[in-house]
Amino acid sequence: MQLIDCPWCGCREEIEFSYGGQAHIPYPDNPAELNDTQWAHYVFFRSNPKGVCAERWVHSAGCRRWFNALRDTCTYHFIETYRIGESPSFTSASLFPVTESQVSVPTEAGDRKTQ
Amino acid sequence: MTVDVSTKELLVARDGLDVHKEKFAALNAQVGVEVLPLAHQYNLRVSPNSDSAVAVEALLGSALPTSPSWVSSPAGQTIIWLGPDEWLIIDTPHHTDFEASLRDATKGHGAVVDQSGQRISLLITGDAPGLLAKGTALNLHSTAFPRGAALQGFLARAVVIYLSRSENSSRIELVVRTSFARYVADWLLDAALDPLAYPTPYGERTCH
Amino acid sequence: MTQQYRTPTGGHITRDTALSFEFEGTLIEGYAGDTLASALLSNGVHHVTTSIKFGRPRGIAAAGSEDPNGLIQITTPIPEPMQLATTVELAPGLSAHGIPGQGTLPTEPDPARYDTAHLHVDLLVIGAGPAGLNAALEAARAGARVALVDEQPLPGGYLLSTPCMIGGANSTEWIAQTAAELAARAVIHLQRTTVFGLYDDGLALAVERRTDHRGSDAAPDSLRQRIWRIRAIRTIVATGAHERPIVFADNDRPGILLAGSARTFLNRFGVRVGDSVTVFTTNDSAYSSAFDLHDAGVHVGAIIDSRLVIGTEWIEGAKIRGIPLHSGSVVTGTSGDNRLTSITLRRFNGTSFGTAESYEADTLLVSGGWNPAVHLYSQAGGMLRYDERLGAFVPHREVDAADVAASRSGTTFVPHREVDALRRPLPRSHEKFVPHTGVDGLAIAGSAAGKFGLREALDSSHKAVREALVDLRLAHSPSRPPEVEEDRDHTPGAVLWFVPSDDPHKLTTHFVDMQRDATVADIAHAISAGLRSVEHVKRYTTIGTAHDQGKTSGTVASGIVAEISGEKMSSLGTTRFRPPYTPVAFAALAGRARGHLFDPVRVTAIHDWHIAHGAEFEDVGQWKRPRYYPRNGEDMHAAVKRETIAARNAVGILDGSTLGKIDVQGPDAAEFLDRIYTNIMSTLKIGSIRYGVMCGVDGMVIDDGTVLRTEEDRFLVYTTTGGAARVLDWLEEWLQTEWPELRVYLSSATEHLVTFPVVGPRSRAVIGELFPDLDASNEAFPFMTWRDTKLANIPVRIARVSFSGELAYEVSVLSWYGLELWTRLIETGAKHGITPYGTEAMHVLRAEKGYPIVGQDTDGTVTPQDLGMSWVVSKKKLDFIGKRSFDRAANRDDTRRQLVGLLPDDPTKLIPEGSQLVTIESLDHATVPITMDGFVTSSYDSHALGSTFALALLVGGSTRLGEKINAVVNGELLPATITNHVLFDQEGVRRDG
C-alpha cells in the first residue's frame, strides 16, 4: 500500500485514490477535423513505457481533486505529484516516452495546451 | 406507526438510528458513541480569494479554512475544508434563511447546495483514536490530529470526515453519509468490543 | 509417556505447569512454554507424519517456522489445518495429528473474532533477538516512538537458545531488564506477532496470535488474532537467520534435524533430541550444539566436518569431550524406518570418496551454514547479493555507517528527506530523479544482515539504530552496544550444497524440499529439460512452494542449480521472496469485514418500512433495494405479477431513493451539460425535465438519467444507482482537467433527498389528494416537468417522469422526512389500491417499454444508436463527448449489435438472461464454431403482454424485426420472434393517464 502525495491533502494511502489513465492527452480542439486514424489515436492509443510515465489520479475518498503524477513503471514508485495546470519539477525529457499519441512533457500552460 | 394524513401536523424528522442509539448507550468501555442531532448543512463551492469568497467570509464572520481543517464561525457554525474550493458548513444552531444568504453572498459565482439529508454526525469520545485505529490508516492521535483538523478518508469501507473536536483527541466527530450510517454504527459497535490494549502513538510516515 | 528426554533443569518452560495433550490419539504430557514439537521430542517422538508424494516417514527437522516437515492438523480446541508442530504452543485442550502435506478445512463456523489495528511509529523493529532488543532500547532511550514485534512467545531470539553473558548479566536477566525498560518507555512490544509482509513506504503487516496459547481456556468467541498495519518512518529488520541443511542420500529420516535447532530444543525447552547423536557440519556453529548436548549428558558419537581446516578451539573441545572428529568427511547415507538408526560416512575431497564407515545413531544434526532471514527485506524490494564466504544471499546494502553514507551519494539510494518536512504535505520540488530501490527507510541488522556473531550482530544493530535516529532527527548521546564475549566462529564455513553420489541414479533420495518431496534428481531433470532460471526451476520442481516457502530449501536449490548447470551462483540469483513470511489465516486478513460488515450495506431512509413489510431485498451495488414484497406466501413470480398489475391498472409506489443525484450549478452549467450529454440541455426550460445519455469519448453509453433544470444556472442530474460515484468523478475530471475555464460546480445530493415514484393510472388521484395545493392535471403539470409544493410545511418536489410508461409522479423530500412522506403516500393511496413494488416489478415495467438499464442491457460496447435512441443524439451541437466517435466506420456498421425485443414462441418459456442467440435450426449437426448472433440482456414474464419476453443485443437487429431467432438454453433451441424493443404501448398513450 503506497502512500500517494495528494497535492491538496498530503500523503495518503493509495486506496483513497482512483487511477485515471495516462496524463497529458488533451481533448482535441476540433475533433471533427481529425481523420479516423488521428481520432483513434486520441481515444485508444496509450504509451506503455518502461520507466517514468505521467498519469492522472483523483483523490476519490478525499478532496475529489484530479491531479497528475510521475511514476516509474518498473518500481511503481511515485516520483512526483503535481496539480492540474502545474508542471512537474522533474523534466528530464529523455525519460519521457513520446509516442504516436503525442504524449509530451507538460508545460506551464497546463493540460489543454500541452500538445 | 400511522400518521393521520388529514392533519397538517409537522412531519417528524428521523435519522433511522434509534436502535443503534440504545446500543451506544449500553457501551461502558473506554469509548462513547453519540449520534448527534440532525443538522442543516450546506455544500459551498466558491473560488478562494474571489469576491464571492470574501463576501461569504463576511457573512460567516470567519475565514474559510484553506487546509484539511475546520473552523467555528462566531455563530457556532462548523466550516469544514473539503477541497481547495469546497467547504461543508454545518449550520448548528440552524439559522433561518441561511442558505439564501449564503447563495446571495456567492453572487452567482459559486454554488450552494443543501446537503442536510446527505450526512449525519457521530461523536466518539474517550479513546477515540484507539477505536478508530481499527478502521482507518489516518493517524488520529492528538499530535497528528490536533483540535481543528478535518480529514476525509475511510473508516473501514465507508468514506467519512473526521473532525478533531478536542486537543487530546478524546472527542472525534465522524461526519458520515446517511446511507452508510448504519454500516458505520454497526462497525463501531463491533470494534468497541475489542479495545486496543496499547496506546496508539503517533509518528507519520509520508511518501517515499 | 514420561518426558524421558527432558533435562532435569533449565529451559524457558514452566515445569510446575504440566499440560496434557493428545497426539495421534495418544495422551502425552509436556510443560507450559513447550511447543508441540518440543513436547513430542521430550517424549522421544520424532516421527510426526509422512511425506506428500512418497509417503516417507518424516519428523521434526527444525525448531521454528523454517521446519519443512512437521505439518500437523489441530483438531481441538480450534480446528485448523496446516500448522507446524514447531510453532504451535502447547495449550490446554490441544489435540492434533500429523498430515501428509495437506490438511482438511474445518466445516463448522469459526466463532472467534478477528481484528485489525493501524499503528503509526517512528521506528519499527522486527525481531526481539539481541539485535532487535538493542535497537528498540536505543531508539526508545532517544525518545523515538517504537514498536518491537517478534513472532515468538518470549523475547530473546537467539539468546533463548544460547545462554551467555551480555551487558554484564546473564542473557535471561538481560532480556528481562531490557523488556522492562522498553515497557517503561512505552514501546509497543508485541510478542507472538509475526510481521509477514513488508510493503511500500514503510508499511508492515503483522499478525498477532492472542489466544491460541491459552487453548481451551480462551472463550470460543474471544478476539483470537489481530492484524497490525504498522506504518513506520524507519524500519529495522532483525529477523535472525535460518540454518541451512546439507542434502545427502536419505537425508529425510525422522531423527535428522538442524544442529542449531537441537541446541534450541536443549537450551530453550530443556529437551535432549536423542540418546546417540552424530553431527554433520560444514562450519563452526554446529560444534556448539554438539558440545552443549554432550555437556547435557547426551552421547555424541562423532562430528563429521566436510572441511580439512578446523579451528583449534573446536578440535580441542571435541578432544576434551572425547568426541571423535572426522574432518574432510561427509555423510553419504542413512538407515532406519520411522527413526534414524545409523549413518554412513566417507572421506570426501570434493571429487572422490574414501571408504564407507557406518555409525549407529538415533539422531543426526546437520549444519550447512546459515541463511540470513532476508525475506522481509527482499519483499520490500531490497536487492540481495550472493556472499561466497557465507554461501548465502545477503542484503545488497549492508547496514554499516560507511555503506549508508556511500549509498547516499550514490545512485541506488533515495535520500531520506527531512523528517520535519515529511510530517507535512511534501514540497513539490525534487532535486533529481534517483531510481527507487523500495528499501529507503529500511535497515537490516544482526544475523539477518549476515552478522552471525553476537558481537558483530549487536554492533550492526547499534549502527542501524543510530543511523535511524539521525534520520529521525532525534538527539542521542553516545552509547555502546552491550558487552559480550568475542565471537568464536571464525573459520569460514565450507559451502556444500549436496553430497554427490557415485551413482547419479541415487540422487532420487537427496531431498531438497522435503515438504514437496523434491530431490536433486528433480533439479537435474529440470536442467536437462533446458531450464536455467531459478524461477523456472522452482516452478518446474515445485521447490519452495510449500507452506514454508522454501526457508530451508531455497538457497540450497539455487546452489544445486548452479552446481549442476555450471552457472555462477552470483549471476543465477535467488527467487524473489513474497509475502506472507508464514501462512496467515484468511479470517485474520478479513478482520471484522465479514458477515454484515463484509461490505457496507447502504440503505435508504425507509429501509425499516421495507423490512417491516416483508420485502425481499437485492443488492444493487452496495445498496439493499426491495426486490419484491411477497404477501401471503407468494413467490417472486406471483408477487411481481401483482405489483406490475397494480402499477399498470391502479397505482404502485417504488423507493427510488438510491438513484444518484448531482447538483450542477454555475453560470456555465448549461454549456457544461451540453458538452457532457449527447442531447441539448441548454434549451431546457426552468421547471422542465429532459432525459439524457452520457457517452465516453469512444461513443459508448456510460450512464443515463433525467435532468431537471431548477434555476437558470442550476440543474439536478439523476444518474443510475450504481453509477453515481463514477459519474461524479467523470464529470469532475472533465471540469478540472479539460475545462477549468467553465464556471461550474458539482455536488452530490444522492442521500439528501428521498425519491418515490408514484406510478399508474390512479397516481394523479393520490398526488392530488395528498398535495391539495398542487394542480396535478395534465394541463397544469405536463409530462417531463416538475413542480414544488409542500407537505405539512416541508418542501416537496414532484417530477412527472416515467420509467414504466404509465402516468407517474416522482415525489422527493429531504431524507429526514422520507418515512413520513412514504407513509402518507401509502395511506392516501390505500383506497386506490396503492401497492409498493420492488426492483423486479420495476424491471418488468421498464423492459416492456424497451427502456434499457445501463450496465445490464449495455456493456461498454453499445452506442445510443444501438439502443434505438438516435433521437437522443443531437445533430445540431458542434461537439459533445462521444460525437466524433459516432462517425467512425465501426460505429456506422449496420451489423453492429442492436437492442431488440424477443417474444418466445412458447409464451410460458423464459429465456435466461445471457443466453446466446443463433440462426441455426438444430444443434445436432451444427458446424462448430456456431456463429453467435447476439445475446439476451433482460428477460421477464409479462402479465401485460400475456407472455414472457426478452430484450437482446442482436447483430443487425433493427433490420430483422419479425424474423425468427433461436436462443440456446441448456443445450436446446428455444425459438422466438424478433420484435421492436418497445413491446408495450408503443404509441405512448398511457403516460398522461
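With an unreviewed UniProt entry as reference, chain A is termed Sarcosine oxidase subunit delta, source organism Candidatus Lumbricidiphila eiseniae.

S.K.: Please clarify how the overall build of chain A should be interpreted in this entry.
M.R.: In terms of regular secondary structure, chain A is built from one helix and six strands. Listing every helix and strand of chain A by position from the N terminus yields β-β-β-α-β-β-β. Excluding contacts between residues fewer than 6 apart, the proportion of contacts in chain A whose partners are at least 24 apart in sequence is 48%. Total accessible area on chain A is roughly 4800 Å²; 50% of this is exposed by carbon and sulfur atoms.

S.K.: Would you explain the sheet that holds strand 5 (residues 86–90) of chain B in this entry?
M.R.: Sheet strands pair by backbone hydrogen bonding; their relative direction is either parallel or antiparallel. All names here are of chain B. The five strands lie next to each other as 3-4-5-2-6, forming an open sheet whose pairing is antiparallel. Strand pairing shows two members of the sheet lacking a second neighbour, strand 3 (70–72) and strand 6 (110–114), which therefore form its edges. This sheet shows a mean twist of 20 degrees between the axes of neighbouring strands, independent of strand direction. For strand 2 (residues 41–46) and strand 6, the ladder comprises five bridges, and the chain directions are antiparallel. In the strand pairing of strand 6, Val46 is matched with Gly110. Docked against the sheet, helix 3 (residues 98–106) engages strand 2, strand 5 and strand 6, running at close to 170 degrees with respect to strand 6.

S.K.: Where do I start with unusual backbone geometry in this structure?
M.R.: Glycine aside, negative phi is the norm for most residues, and most peptide bonds take the trans geometry. A cis geometry characterises the amide bond from B:Thr92 onward to B:Pro93, with omega recorded as 0 degrees. Its place among the elements puts B:Pro93 in the loop between strand 5 and helix 3. In this structure, C:Pro580 follows C:Pro579 across a cis peptide bond, with omega equal to -5 degrees. Mapped onto the elements, C:Pro580 comes out in the loop between helix 15 (569–572) and helix 16 (586–590). Backbone geometry at B:Ala156 places phi at a positive 50 degrees, although glycine is not the residue there. Locating B:Ala156 in the fold gives a position in the loop between strand 8 (150–155) and strand 9 (158–164). A relative accessible area of 23% places B:Ala156 in the partly exposed class.

S.K.: Help me understand the packing of helix 2 (residues 130–141) of chain C against helix 11 (residues 454–471) of chain C, please; the structure alone is not making it clear to me.
M.R.: In a packed pair of helices, the relevant descriptors are the angle between the two axes and the axis-to-axis distance. All names here are of chain C. One way to put it is that helix 2 packs onto helix 11 with a least axis distance of 8 Å and a crossing angle of 30 degrees. Here helix 2 runs over helix 11; the crossing is right-handed. Facing Pro130, Ala131, Asn134, Ala135, Glu138 and Ala139 of helix 2, the residues of helix 11 in contact are Leu454, Ala457, Leu458, Ser461, His462, Val465, Arg466 and Leu469.

S.K.: Help me out: how do you make sense of the state of the cysteines in this one?
M.R.: Any covalent bond linking the sulfur atoms of two cysteines counts as a disulfide. One pass over the full model with this rule turns up zero disulfides over all chains. Cysteine A:Cys9 remains unbridged, with the sulfur of A:Cys63 as its closest cysteine sulfur at 3.7 Å.

S.K.: I'm lost on the packing of helix 2 of chain C against helix 4 (residues 171–184) of chain C in this one. Help?
M.R.: Residues and elements named next belong to chain C. Packing of helix 2 against helix 4 leaves a shortest axis separation of 10 Å and a crossing angle of 35 degrees. Once helix 2 is placed against helix 4, the crossing between them reads as left-handed. Residues Pro130, Leu133, Asn134, Ala136, Leu137 and Arg141 of helix 2 form the contact with helix 4, whose own contacting residues are Trp174, Ile175, Thr178, Glu181 and Leu182. Tallied by class, residues from the contact of helix 2 with helix 4 come to seven nonpolar, two polar and two charged.

S.K.: Sorry if this is basic, but what is going on with the nonpolar core here?
M.R.: All names here are of chain C. Grouped together as the largest cluster of nonpolar side chains are 46 residues, with contacts concentrated most on Phe21, Leu36, Ile72, Phe265, Leu293 and Leu365. If we skip the residues at most four places from it in the chain, Leu36 touches Phe21, Ile72, Ala85, Val88, Leu90, Leu94 and Ala96. Within the second largest apolar cluster, 41 residues are counted, among which are Leu654, Tyr718, Leu753 and Val844.

Conventions used here
Residues numbered from 1 in each chain as written. Chains lettered and ligands numbered in written order. Predicted model: local features only at pLDDT ≥ 70, side-chain atom pairs only at ≥ 80, totals over all residues. Heavy atoms only, no water. Helix = DSSP H or I, 4+ residues; strand = E, 2+ residues; numbered from the N terminus. Contact = heavy atoms within 4.5 Å. Areas by Shrake-Rupley, 256 points an atom, 1.4 Å probe, with all protein chains shown as cover. Pairing = 2+ DSSP bridges. Axes fitted to C-alpha atoms, helices over the stretch in contact; angles between N-to-C directions. Buried < 20%, exposed > 50% of the residue type's maximum accessible area, 1.4 Å probe, protein only. Left-handed = near helix turned anticlockwise from the far one by under 90°. Disulfide = S-S within 2.5 Å. Nonpolar A, V, L, I, M, F, W, Y, C, P; charged D, E, K, R; others polar. Core = buried A, V, L, I, M, F, W, Y, C linked by side-chain atoms within 4.5 Å.

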